[in-house]
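Listed below are the residues making up each chain.
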Amino acid sequence: LKQRKAIILVLQKMMIMFDFSDLIFYQCLFFIDFYLSKNITENMSEKEILYYVVGYFLCAAKLKESNIYEPNLDSFCCIKKKTYLTIEKITYYEVECLKTIKYNIFSYSAYDWLCELITVGFVFDCEINKNNSIILINGHRHSLINTISKYALKMLLNITVKDVFIKY
């Protein structure tokens, strides 16, 4: 948990750099949380953790991103001030990260599950009174189901930055 805020900041920086979707952010965070919750030690340096963040980011991007854009490894060398990452070690850690997830492309983050539930539906039209299916928010009309879905994603974002570890 001590390192999680720094990890999230680096991850957000990479998301902005490469303009990837929230899907990549949450998948990478899922991988990092899963690995570090079991394997982090007091001896693990900030640089080593950074290599894992980049490695899992590359795994998430290659497994989940729908376009064919693959980040240039040079872009990660100076991802954090006063810390230089080598391309050789980045590729080494990417392979190590793939091994830790056992090449499993079917691992789902909390974001994946929430999007699936929103798509399939956890609130159904028959459960909503037709008279109240449209609500007013700040003078604008909104569908109650869409409002609930947006609120669920907002809650996930709020939980993500907290100092808690939740196994989904």
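A few points on the structure.

Calculation rules
- Residues numbered from 1 in each chain as written.
- Predicted model: local features only at pLDDT ≥ 70, side-chain atom pairs only at ≥ 80, totals over all residues.
- Heavy atoms only, no water.
- Helix = DSSP H or I, 4+ residues; strand = E, 2+ residues; numbered from the N terminus.
- Buried < 20%, exposed > 50% of the residue type's maximum accessible area, 1.4 Å probe, protein only.
- Core = buried A, V, L, I, M, F, W, Y, C linked by side-chain atoms within 4.5 Å.
- Contact = heavy atoms within 4.5 Å.
- Phe/Tyr/Trp six-rings, centres within 6.5 Å; stacked < 30°, edge-to-face > 60°.
- Patch = residues over 30% accessible without salt bridge, like charges linked within 9 Å, V, L, I, M, F, W, Y side chains within 5 Å.
- Areas by Shrake-Rupley, 256 points an atom, 1.4 Å probe, with all protein chains shown as cover.
- Salt bridge = Lys/Arg side-chain N within 4 Å of Asp/Glu carboxyl O.
- Axes fitted to C-alpha atoms, helices over the stretch in contact; angles between N-to-C directions.
- Parallel < 35°, antiparallel > 145°, perpendicular 65-115°, else oblique.
- Left-handed = near helix turned anticlockwise from the far one by under 90°.
- Nonpolar A, V, L, I, M, F, W, Y, C, P; charged D, E, K, R; others polar.
- Expected span 1.5 Å × (residues − 1).
- Arc of directions from axis to C-beta.

**Section: unusual backbone geometry**
In this model, Asp19 sits at a positive phi of 55 degrees, which is unusual for a non-glycine residue. Here Asp19 shows up in the loop between α1 (4-18) and α2 (22-39). Residue classification places Asp19 among the exposed residues on the basis of a relative accessible area of 68%. Positive phi, close to 65 degrees, is recorded for Lys82, a residue that is not glycine. Inspection of the secondary structure assignment puts Lys82 in the loop between α3 (46-64) and α4 (87-100).

**Quick look at the nonpolar core**
Counting 44 residues, the largest nonpolar core has Met14, Tyr56, Phe57, Phe76 and Ile90 as the members making the most contacts within it. The set of elements that each furnish at least two residues to this core consists of α1, α2, α3, α4, α5 (110-120) and α6 (144-160). The greatest single-element share of this core, amounting to 12 residues, is contributed by α3. Those residues in contact with Phe76, other than ones at most four positions away along the chain, are Met14, Phe18, Val54, Phe57, Leu58, Pro71, Leu85 and Ile90.

**A word on the packing of aromatic side chains**
Inspection of the entire model under this criterion finds 17 aromatic pairs. Seen in terms of ring centroids, Phe18 and Phe57 are 5.9 Å apart; in terms of plane orientation they differ by 35 degrees. Their pairing is tilted. One end of the pair, Phe18, is in helix α1; the other, Phe57, is in helix α3, with 39 residues separating them in the sequence. Among the residues examined, Phe57 registers a relative accessible area of 0% and is labelled buried. Judged by centre distance (6.0 Å) and plane angle (50 degrees), the rings of Tyr35 and Tyr56 are tilted. You can see Tyr35 sitting in helix α2 and its partner Tyr56 sitting in helix α3, a full 21 residues away along the chain. With respect to burial, Tyr35 and Tyr56 carry one shared label: buried. Ring-pair connections join several aromatic residues into one group, and the members of that group are Phe30, Phe31, Phe34, Tyr35, Tyr51, Tyr52, Tyr56, Tyr92 and Tyr93.

**Remarks on a nonpolar patch on the surface**
A cluster of nonpolar side chains, namely Leu63, Ile105, Phe106, Tyr108 and Trp113, defines an oily patch on the protein surface of about 520 Å² accessible area. Among the secondary structure elements, Ile105 is positioned in the loop between α4 and α5.

**Some words on the packing of α1 against α2**
For the pair α1 and α2, the least separation of the axes is 11 Å and the interaxial angle reads 150 degrees. If you check the angle between α1 and α2, you find them roughly antiparallel. By crossing handedness, the relation of α1 to α2 is classed as right-handed. Taking contact as the criterion, the partners of Arg4, Ile7, Ile8, Leu11, Gln12 and Met15 in α1 are, on α2, Asp22, Ile24, Phe25, Cys28, Leu29, Ile32, Asp33 and Leu36. Per-class residue counts for the contact of α1 with α2 are 10 nonpolar, 1 polar and 3 charged.

**Observations regarding α6**
Over its 17 residues, α6 runs 24 Å from end to end, which matches the ideal 24 Å to within 8%, given 1.5 Å per residue. The complete set of buried residues in α6 reads Ser149, Ala152, Leu156 and Thr160. Down the axis of α6, the smallest arc covering the buried residues is 75 degrees, so these residues share one side. Facing away from the buried side of α6 by more than 90 degrees, the exposed set consists of Lys150 and Tyr151. At its buried positions, α6 is contacted by α1, α2 and α5.

**Points about the packing of α3 against α4**
Contact geometry of α3 with α4 gives a least axis separation of 8 Å together with a crossing angle of 65 degrees. Taken together, the axes of α3 and α4 are roughly perpendicular relative to one another. With respect to the hand of their crossing, α3 and α4 are arranged in right-handed fashion. Side by side, α3 and α4 meet where Glu48, Tyr51, Tyr52, Val54, Gly55, Tyr56, Leu58, Cys59 and Lys62 of the first sit next to Lys89, Ile90, Tyr93, Glu94, Cys97, Leu98 and Thr100 of the second. Class assignment of the residues belonging to the contact of α3 with α4 gives a composition of 10 nonpolar, 2 polar and 4 charged.

Function cannot be read off these values alone, since they describe shape.
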